[in-house]
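Commentary on secondary and tertiary structure
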Amino acid sequence: MKKKIVAMMCVAAMGMSMVACGGSEKGVADSFAVESMAPAGEYYAMTNRMDGADEMPVVGMPEGDVAMDDFNTEEYDYIEENSFLSVATSPQSTFAADVDTGSYTNFRRMVNDNYELEDIPKGAIRVEEMINYFDYEVVDADDENRFTVTSEIHTCPWNESNKLLMMSVKAKDIEMESAGNNFVFLIDSSGSMSSQDKGDMAIRSFKLLAETLTAEDRVSIVTYSGDSRVVLASCEGDKYKKICNALDSIEFGGGTNGSGGITAAYKQAEKNFIENGNNRVIIASDGDMNLGVTSNAGLTDLIAEKKESGVFLTVLGYGSGNYSDANMESIADAGNGNYYYIDCIDEANRVLVDKLKQTTITVAKDVKLQVEFNPIEVSEYRLIGYENRTMAAEDFEDDSKDGGETGAGQTVTVLYELVCNEGSSAESDLKYQADRELTDAAVSGEVLTLSVRYKEPDGDTSVEENFVVTDGEGELVCNKISADYALAAGVAELAMILNDSQYIGSADLDSAYNLVMQGSNDNKYREELAEMIKSLSY
């Protein structure tokens, strides 16, 4: 069955092979897009309806006699792509570190649900989340630093006139002194969650996490639908059977008062707060909230207020149909948290078991990255992705401005497309430029300086670490492309194709596939991605 999205920005059709973590059990329905009536922010809302219904763009709720269950409203924030900036006038690139991965697994779900290339909504693809889903080899930081950085520069695969810079910033894989975990499992128990890929999957996910806990840990369970309910008051983490019984007792039905659930969960976290421990709310939801505070802005304000309690946040997204990626991603960004989309039980295991330390143990909060480019080496640059995480240069040293959160051993990878060797100076007081004169550092062979600023998990004042990237032999290019570099470049190409980027150049699916498959063939995630690219090609 073909699926069509009729929107202001795209007309598309669907139907593909099933790969990766398995597909949806529900057939794909014809669809059209709904324009948001929300007062603040833009998003894509995809609305599906069954065969035989008229196709039309609408505002607000659709008219006609089609049953509400036949509709699918998925919400995605609009993304305005980063453009090239001049080093002479904008020498510093500043953004909050982000290690969310929700875009990649949501994309994987869409491929498994037989979406064709042109059907995938542009707002669903955040390039940095696609890139950061994968693991890259970075050496651990030394004793003096919390972070370490590796970098590579080569000819840009989609524009041979430019270079492509890859930098991976890894947090130290340290054992934080902790008095234990204080977890609150916050589960959306509304009627929209009553399916195997939502509520059932969420309960199975939390059981996986519960298996890893010890007597030093504490677990509370809170649900929300029309109202909120404490299903399990705080108990020891080694009471696995008790935790599972509480999870199995949850019934799904009713509306979705997400704000009420969030308030109740943070109340539990604060009530059972462990000093010198890891205090965290883990929310599992499809993001569809229709009672209490329902606006994106209202929810993020609520979360931003709650994070001042010292409680961190992990956001787990589930399901399709009415899934609100816009809400889930915004909540995570506002609440000292990270956002993951769980499309299968293997992904739940990956996030909550295999990467438990990275997912739930914060070693640095409000992490910001700032790159200052050398105008002798680089004339223009384009940050690929991180559009909703960019900051003003002066915000870098402003401790009141939020950054991202980084877990133990977690890596943030960033790509820049560079126009080289035609830089000029500008009036400023920077490392490489001062009063329209180039400094000694500008002729040192340094391409850029990367500054990382962060706070301790329980701290209020940031500290800074600095790293220099040089041009090696003076030609802004390395001799051999690593497998990691090829993978990141291939993922970036795919994301730009999916987003119909204006900077796409010569990129196509064949090129993305070849880059992804360059290097090691024993990585199941790399091979899985290659199979998805192949399926999109047919």
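Residues numbered from 1 in each chain as written. Predicted model: local features only at pLDDT ≥ 70, side-chain atom pairs only at ≥ 80, totals over all residues. Heavy atoms only, no water.

1. With respect to the packing of aromatic side chains
Scanning all chains against the criterion turns up 13 aromatic pairs. Measuring from centroid to centroid gives 4.3 Å for Y104 and Y133, while their planes differ by 25°, and the two rings are stacked. One end of the pair, Y104, is in helix α1 (residues 102-112); the other, Y133, is in the loop between α2 (127-131) and β9 (147-156), with 29 residues separating them in the sequence. For Y104, a relative accessible area of 0% corresponds to the buried category. Ring geometry for Y133 and Y525: centres 5.8 Å apart, planes at 80°, overall edge-to-face. With Y133 in the loop between α2 and β9 and Y525 in helix α12 (residues 524-537), this pair connects stretches of sequence that are 392 residues apart. Per residue, the accessibility class of Y133 equals that of Y525, and both read buried. An aromatic cluster of at least three residues, connected via ring pairs, comprises Y104, F107, Y133, F134 and Y525. Positioned above the aromatic ring of Y133 is the side chain of R350, whose terminal nitrogen or guanidinium carbon lies 3.9 Å from the ring centre. Seen from the ring of F396, R453 lies directly overhead, with NZ or CZ sitting 5.9 Å from the centre. (Phe/Tyr/Trp six-rings, centres within 6.5 Å; stacked < 30°, edge-to-face > 60°. Helix = DSSP H or I, 4+ residues; strand = E, 2+ residues; numbered from the N terminus. Buried < 20%, exposed > 50% of the residue type's maximum accessible area, 1.4 Å probe, protein only. Lys NZ or Arg CZ within 6 Å of the ring centre and 35° of its normal.)

2. Details of the environment of V363
Within the secondary structure, V363 is located in strand β17 (residues 362-373). Sequence separation between V363 and D173 is 190 residues; the distance between their C-alpha atoms is 8.6 Å.

3. Here we look at the sheet that holds strand β7 (residues 85-86)
Strands sit in the order β7-β18-β21-β10-β9 across an open sheet of five strands; the sheet is antiparallel. Strand pairing shows two members of the sheet lacking a second neighbour, β7 and β9, which therefore form its edges. As defined by bridge partners, β7 adjoins strand β18 (residues 378-384) across two bridges and the pair is classed as antiparallel. What sits directly across from S86, in β18, is E380. This element, helix α10 (residues 483-498), spans β9, β10 (159-171), β18 and β21 (411-420) of the sheet and lies at about 115° to β10. (Pairing = 2+ DSSP bridges. Contact = heavy atoms within 4.5 Å. Axes fitted to C-alpha atoms, helices over the stretch in contact; angles between N-to-C directions.)

4. Some words on unusual backbone geometry
Not every positive phi belongs to a glycine, and N276 is a case in point at roughly 60°. Unlike most non-glycine residues, Y386 shows phi in positive territory, near 60°. The residue Y386 is located in the loop between β18 and β19 (390-391) in this model.

5. Section: the pattern of salt bridges
Applying the stated criterion across every chain yields a total of 24 salt bridges. With a closest N to O distance of 2.7 Å, K355 and D135 form a salt bridge. Taken as a pair, K355 in the loop between α8 (345-354) and α9 (356-360) and D135 in the loop between α2 and β9 lie far apart in primary sequence, 220 residues in all. On the basis of relative accessibility, which here comes to 47%, the residue D135 falls in the partly exposed class. For E236, the salt bridge identified is with K239, shortest N-O distance 3.8 Å. (Salt bridge = Lys/Arg side-chain N within 4 Å of Asp/Glu carboxyl O.)

6. Side note on the nonpolar core
If you look at the biggest cluster of nonpolar residues, it comprises 44 residues, and the most contacted ones within it are F107, M130, F134, L494 and L529. If you list the elements that add at least two residues to this core, you get α1, α2, β10, α10, α11 (509-516) and α12. Ranked by residue count, the leading element in this core is α10, at 12 residues. In this view, M130 contacts S103, Y104, F107, I125, V491, L494, A495 and L498; residues no more than four positions away in its chain are not counted. Counting residues in hydrophobic clusters, the runner-up holds 35 residues, among them F95, A408, V414 and V452. (Core = buried A, V, L, I, M, F, W, Y, C linked by side-chain atoms within 4.5 Å.)

7. A few points about the sheet that holds strand β16 (residues 337-342)
The mixed open sheet is built from six strands, whose spatial order is β13-β12-β11-β14-β15-β16. With one partner strand each, in any of the chains shown, β13 (228-236) and β16 form the two edges of the open sheet. The average undirected angle you get between the axes of adjacent strands in this sheet is 15°. Here strand β11 (residues 181-188) pairs with strand β12 (residues 218-224) via seven bridges, running parallel. Bridge pairing in β12 links V184 to S220. Along the sheet, helix α4 (residues 240-248) contacts β11, β12 and β13; its crossing angle with β13, the most-contacted strand, is approximately 170°.

8. Concerning a negative patch on the surface
A contiguous patch of negative charge on the surface is contributed by D301, E305, E308, D458 and D460. Within the fold, E305 resides in helix α6 (residues 296-306). (Patch = residues over 30% accessible without salt bridge, like charges linked within 9 Å, V, L, I, M, F, W, Y side chains within 5 Å. Areas by Shrake-Rupley, 256 points an atom, 1.4 Å probe, with all protein chains shown as cover. Lys, Arg positive; Asp, Glu negative; His and termini not counted. Charge placed at Lys NZ, Arg CZ, Asp CG, Glu CD.)

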